[in-house]
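Inside the fold
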Amino acid sequence: MSDRSSNQMWGGRFAAGPDAIMEAINASIGFDQRMAAQDIAGSRAHAAMLAAQGIISDKDAEAIREGLLTVLSEIEGGAFHFSTALEDIHMNVEARLKEIIGEPAGRLHTGRSRNDQVATDFKLWVRDQLDAADAGLVALIRALLDQAEAGAEWVMPGFTHLQTAQPVTWGHHMMAYVEMFGRDLSRVRDARARMNESPLGAAALAGTSFPIDREMTAEALGFDRPAANSLDAVSDRDFALEFLSVASICAMHLSRFAEELVIWSSAQFRFVTLSDRFSTGSSIMPQKKNPDAAELIRAKVGRIFGANTALMMVMKGLPLAYSKDMQEDKEQVFDAADNWMLALAAMEGMVKDMTANRESLAAAAGSGFSTATDLADWLVRVLGMPFRDAHHVTGSLVAMAESKGCDLPDLSLEDMQSVHAEITNDVFDVLGVENSVNSRTSYGGTAPSQVRVQIARWKKELG
Ligand code: ARG
């Protein structure tokens, strides 16, 4: 048994050390070292509380505090040796603390267990990531607002079924994503508020007989309150699942926008030009400029959804309280968090740099009989026709234009009157795309005036 084996921590009743395979399946240090800063923050709060409550001496608490700071700087400086035999970050830190300060290190674990310790560390880590997602979403929303403001009145085709439906404005389309990412932002904030209860002091599962002060450690770690049930506190991973669910929904939004960018940047569409900084070339086809960042964002959704499903499966059916299964929570969350943050930053960069091609957007806006609904509405409004009849008349006119190979505004008044005699020249006013978008002033509609109302609201909201 090596001097630094985990048996030092829990091996009192063991006659033999673990098999190498046991060690390999058991150890989490390969990944949970990412929670080192959180682990040390938790231990510092715990030690200070133990001293304040007279459970350990001030002298020991001070030695622990200083020792933990040394450990932290060793880890941050890359000088720390992580040992698989010591299983996880908690025991690696404590063992090193013992090497540095000796006997007082053994008092740190009073009134605490690795079960409440890991729940605390992981919560702190996830909370930091929610804050990072918050900042990433705000930055992305701001970039979208800038795009929306610049092109509030630029016309483009709006699609349903990816078929031209009605003209919309570029600003309106950008603002649709602002709404989506805005909901993601509010989910991030809800999740943060709900998860912000401290598990520390729940101990192994039942609480402790030491006179600990859980309010004090909760406050020191920025939690709103201690978690109210010790069994739940050590067995709860809802905060990680909520993080992954929020990330999944946001990633789904990112993938939809990424897909539009892939389509829009194609030679067939030319709606946007992505910057060189967020595109790549082909090693064989010199003309190519590929939207790789958008494609990768579209793809990364898979691993984020996967992480969410994987952790759901890990937690499903687990009896209370802690089970080692729960050690499988971290890698999923780490990977999802890394890729979510990267996708948010890449999307922000692409949106900031991309140029909307106003002329291509406008040309496409007028094609595909996009103002057919405006024509039908005119027949209702001016001629008093029931909408269903107007729909039918307009359909005939679309068929006529299609057979002539032209768009609706290219039909002559005689053509129009051959389908419905009462149509007058005024109809041509509503067949222009600018007219079409300007007329859609209902709340939340595509008219530039409405788009500007929403831009102003969001700017005020973000401050
Ligand atoms: N490495 C463990 C984890 O990530 C820490 C908690 C271990 N607790 C225990 N009783 N073995 O979940």
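Residues numbered from 1 in each chain as written. Predicted model: local features only at pLDDT ≥ 70, side-chain atom pairs only at ≥ 80, totals over all residues. Heavy atoms only, no water.

The subject of this paragraph is the overall build of the chain. Within the chain, the secondary structure is distributed over 20 helices and six strands. Against the compact-globule benchmark of 23 Å for 463 residues, the chain has a radius of gyration of 31 Å, which places it well outside the compact range. When its C-alpha atoms are laid out on the principal axes, the chain stretches across 100 × 50 × 40 Å. Taken across its 463 residues, the chain has 51% of its residues classed as buried. (Helix = DSSP H or I, 4+ residues; strand = E, 2+ residues; numbered from the N terminus. Rg over C-alpha atoms; globule rule 2.2 N^0.38 Å. Buried < 20%, exposed > 50% of the residue type's maximum accessible area, 1.4 Å probe, protein only.)

The next point concerns the layout of surface pockets. In this structure, the largest pocket spans a volume of roughly 440 Å³. The set of elements that each furnish at least two residues to the lining of the largest pocket consists of β1 (155-160), α8 (170-195), α11 (238-264) and α20 (448-462). With seven residues, α8 is the single largest residue contributor to the lining of the largest pocket. Partitioned by chemical class, the residues of the lining of the largest pocket number eight nonpolar, seven polar and three charged. Each pocket or cavity is described by its volume, and for the second largest pocket that value is around 320 Å³. (1 Å grid on protein atoms, 1.4 Å probe; cavity = no way out; pocket = protein on both sides within 12 Å on 5 of 7 lines; lining within 4 Å. Points joined across faces, edges and corners; volume = space filled by probe spheres on them. Nonpolar A, V, L, I, M, F, W, Y, C, P; charged D, E, K, R; others polar.)

Moving on to the environment of V168. Mapped onto the fold, V168 is located in strand β2 (residues 163-169). Taking the relative accessible area as the measure of exposure, V168 reaches 16% and is therefore buried. Along the sequence, V168 and S370 sit 202 residues apart, while their C-alpha atoms lie 9.7 Å from each other. With sequence-adjacent residues up to four places away left out, V168 is seen in contact with W154, V155, M156, P157, G158, V437 and T446. (Contact = heavy atoms within 4.5 Å.)

The contact between helix α7 (residues 114-150) and α11 brings their axes to 10 Å, and the two run at 25 degrees. Taken together, α7 and α11 sit at an angle that is classed as roughly parallel. The two elements α7 and α11 meet at a crossing, and its hand is left-handed. The residues of α11 that touch α7, namely those facing A119, F122, K123, V126, Q129, L130, L137, L140 and L144, are F239, A240, F243, C250, L254 and F257. (Axes fitted to C-alpha atoms, helices over the stretch in contact; angles between N-to-C directions. Parallel < 35°, antiparallel > 145°, perpendicular 65-115°, else oblique. Left-handed = near helix turned anticlockwise from the far one by under 90°.)

With that settled, consider the site of the ligand. Around the ligand sit S28, D32, D88, H90, R114, N115, V118, Y322, K324, Q327 and K330, and that is every residue in its neighbourhood. Contact between the ligand and Y322: an oxygen atom at 2.4 Å from a side-chain N or O atom of the residue. Counting residues per element, the shell around the ligand draws most heavily on α7, at three residues. (Near = heavy atom within 4 Å. Polar contact = N/O pair within 3.5 Å; in protein donor to acceptor, adjacent residues only side chain to side chain.)

Our focus in this paragraph is the environment of E331. Residue placement: E331 occurs in helix α13 (residues 329-353). Take E331: its relative accessible area is 39%, and that puts it in the partly exposed class. Distance from E331 to M180, taken between C-alpha atoms, is 28 Å for residues 151 residues apart in sequence.

The next thing to look at is the packing of helix α4 (residues 36-52) against helix α5 (residues 58-76). Taken N-terminus to C-terminus, the directions of α4 and α5 make an angle of 175 degrees; their axes are 9 Å apart at the nearest point. Between α4 and α5, the angle falls in the class roughly antiparallel. Counted together, A36, A37, I40, S43, R44, A47 and A51 of α4 and D58, A61, I64, R65, L68, L69, V71, L72 and I75 of α5 form the full contact between these two elements. Its residues placed into classes, the contact of α4 with α5 shows twelve nonpolar, one polar and three charged.

All right, on to the pattern of salt bridges then. Tallied over the entire structure, the rule returns 27 salt bridges. Linking E103 and R107 is a salt bridge whose minimum nitrogen-to-oxygen distance equals 2.7 Å. Connected through shared salt-bridge partners, E87, D88, R114 and K324 make up one network. (Salt bridge = Lys/Arg side-chain N within 4 Å of Asp/Glu carboxyl O.)

It is worth spelling out the side chain of T110 at this point. With respect to the helices and strands, T110 occurs in the loop between α6 (89-101) and α7. When its relative accessible area of 18% is taken as the criterion, T110 is described as buried.

What is shown is where atoms sit, not what they do.
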